[in-house]
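What the coordinates show
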Amino acid sequence: HNCHQSRIVYTIFLLVLFSFFLCSIATAETNYEKTGSYSGPNGIFDVTLDGRIIAINGDNILREQTIGSGTYDIVGHFDPGLIAPWGASFITVSPDGSRFAVGDNYFGQGKVHLVNISDLNGGTITPDSYNHENYDAVWMDNSILAITYANLDNNYWGEVAALDLNSQKSTPLITIAGASAGITFDTAGNLYTGNGFDYLPGGSETGQIRGFEKESIDRVM
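Everything in this summary refers to the structure shown in the same document. As the structure is a computational prediction, the values presented were derived from the model and not from experiment.

Some points on the nonpolar core
Looking at soluble globular proteins, one finds that nonpolar side chains tend to be buried together. Core analysis: the largest hydrophobic core is formed by 15 residues, its most contacted members being Ile-54, Ile-56, Ile-61, Phe-78, Phe-100, Val-102 and Leu-120. Setting aside anything within four residues of it in sequence, one finds Val-102 in contact with Ile-56, Phe-78, Ile-83, Ala-88, Phe-90, Ile-91, Lys-111, Val-112 and His-113. Judged by nonpolar contacts, the second largest core, of 11 residues, contains Tyr-130, Trp-139, Leu-145 and Leu-165.

Right, dumping it as structure tokens:
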């Protein structure tokens with residue numbers, strides 16, 4: 001009888017301890033406070049390794065003067081027409097921070113431009129350019145970009161391809177039965193992308209996010 005009571009008391013103790021643990025986690029996850037605000041660059045942007053924002057606004061490349069300052073300098077510009085009049089599709093800084101890729105946002109004749117950060121001296125930038133339709137992109141490593149785009153030869157369905165900047169070879173990885181959308185990888189190398197718009201029967205729906213395991217990506221690569 002005493003043993004049974006001890007087990008009950010011990011069980012209650014564990015439940016109380018577990019409830020306290022959950023409350024602590026919930027409090028930690030929601031304990032946010034505003035530390036300030038500042039102006040954005042009025043264009044698509046990414047963050048360099050030193051924590052400053054770098055952006056594309058029209059033909060101009062902007063870089064934040066200091067971290068969190070909200071003040072931007074024009075550190076370079078593209079020749080007119082290199083970027084679509086409605087703005088670039090993406091900018092993404094390489095993992096080693098030495099360069100960044102920019103999608104020109106043209107459709108049917110898209111190009112991805114590659115710029116060395118060391119070349120940003122305020123003048124005209126002549127990038128390395130690669131023929132590739134583009135909507136969004138993320139680096140897989142320092143030489144391979146995973147790019148979302150619309151395949152003109154397959155009902156304009158959104159696809160993801162790996163563009164090797166060294167060999168200039170583009171390898172299709174996955175197809176989304178809908179419009180292209182954003183893309184990211186988690187720390188384990190799994191790929192996530194969405195359906196930007198569901199315009200054909202079947203497949204995924206607008207807003208759906210689908211994940212693809214690293215192993216399946218590696219098999220295609």
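On we go from here.
Section: the environment of Asp-96
Position of Asp-96 among the secondary structure elements: in the loop between β5 (90-93) and β6 (99-103). The sequence separation of Asp-96 and Asn-142 amounts to 46 residues, and the corresponding C-alpha distance is 6.6 Å.

Examining the pairing of strand β9 (residues 136-139)
Sheet topology note: the β9/strand β10 (residues 144-150) ladder contains four bridges and is antiparallel. Looking at the pairing, Trp-139 lines up with Leu-145 of β10. Counted along the chain from β9 to the antiparallel partner β10, the turn is four residues long.

Examining the packing of aromatic side chains
All chains considered together, the criterion is met by one aromatic pair. Judged by centre distance (6.1 Å) and plane angle (75°), the ring pair of Trp-86 and Tyr-106 falls under edge-to-face. Of this pair, Trp-86 sits in the loop between β4 (72-77) and β5 while Tyr-106 is found in the loop between β6 and β7 (111-116), placing the two residues 20 residues apart along the sequence.

Let's talk about the sheet that holds strand β15 (residues 209-212)
Pairing in this open sheet of three strands is antiparallel, and the strands run β13-β14-β15 from one edge to the other. Looking at the sheet topology across the chains shown, the edges are occupied by β13 (183-185) and β15. With direction set aside, neighbouring strand axes in the sheet form an average angle of 20°.

Some remarks on a nonpolar patch on the surface
A contiguous nonpolar surface patch, about 310 Å² in accessible area, is contributed by Phe-107, Leu-152 and Tyr-156. Along the chain, Phe-107 falls in the loop between β6 and β7. The exposure class of Phe-107 is exposed, given its relative accessible area of 53%.

So, the sheet that holds strand β1 (residues 44-47)
Taking strand neighbours across the sheet as the criterion, the four strands line up as β1-β2-β3-β4 in an open arrangement whose pairing is antiparallel. Either end of the sheet is taken by a strand with one partner, and the two such strands are β1 and β4. For this sheet, the mean inter-axis angle between neighbouring strands, taken without regard to orientation, is 25°. Here β1 pairs with strand β2 (residues 53-57) via four bridges, running antiparallel. Bridge pairing in β2 places Asp-46 opposite Ile-54.

A closer look at the pattern of salt bridges
Side-chain pairs of opposite charge can arise where the charged atoms are in close proximity. Evaluated as defined, the whole model comprises two salt bridges. A salt bridge links Arg-52 to Asp-50; the shortest N-O distance between them is 3.0 Å. Since its relative accessible area comes to 38%, Asp-50 is described here as partly exposed. Asp-218 serves as the salt-bridge partner of Lys-214, at 2.6 Å between the closest nitrogen and oxygen. Taken together, the positions of Lys-214 and Asp-218, both in helix α2 (residues 214-220) and four residues apart, correspond to about one turn of that helix. The class for Asp-218 is partly exposed, based on a relative accessible area of 41%.

How each quantity is defined
Residues numbered from 1 in each chain as written. Predicted model: local features only at pLDDT ≥ 70, side-chain atom pairs only at ≥ 80, totals over all residues. Heavy atoms only, no water. Core = buried A, V, L, I, M, F, W, Y, C linked by side-chain atoms within 4.5 Å. Buried < 20%, exposed > 50% of the residue type's maximum accessible area, 1.4 Å probe, protein only. Contact = heavy atoms within 4.5 Å. Helix = DSSP H or I, 4+ residues; strand = E, 2+ residues; numbered from the N terminus. Pairing = 2+ DSSP bridges. Phe/Tyr/Trp six-rings, centres within 6.5 Å; stacked < 30°, edge-to-face > 60°. Axes fitted to C-alpha atoms, helices over the stretch in contact; angles between N-to-C directions. Patch = residues over 30% accessible without salt bridge, like charges linked within 9 Å, V, L, I, M, F, W, Y side chains within 5 Å. Areas by Shrake-Rupley, 256 points an atom, 1.4 Å probe, with all protein chains shown as cover. Salt bridge = Lys/Arg side-chain N within 4 Å of Asp/Glu carboxyl O.

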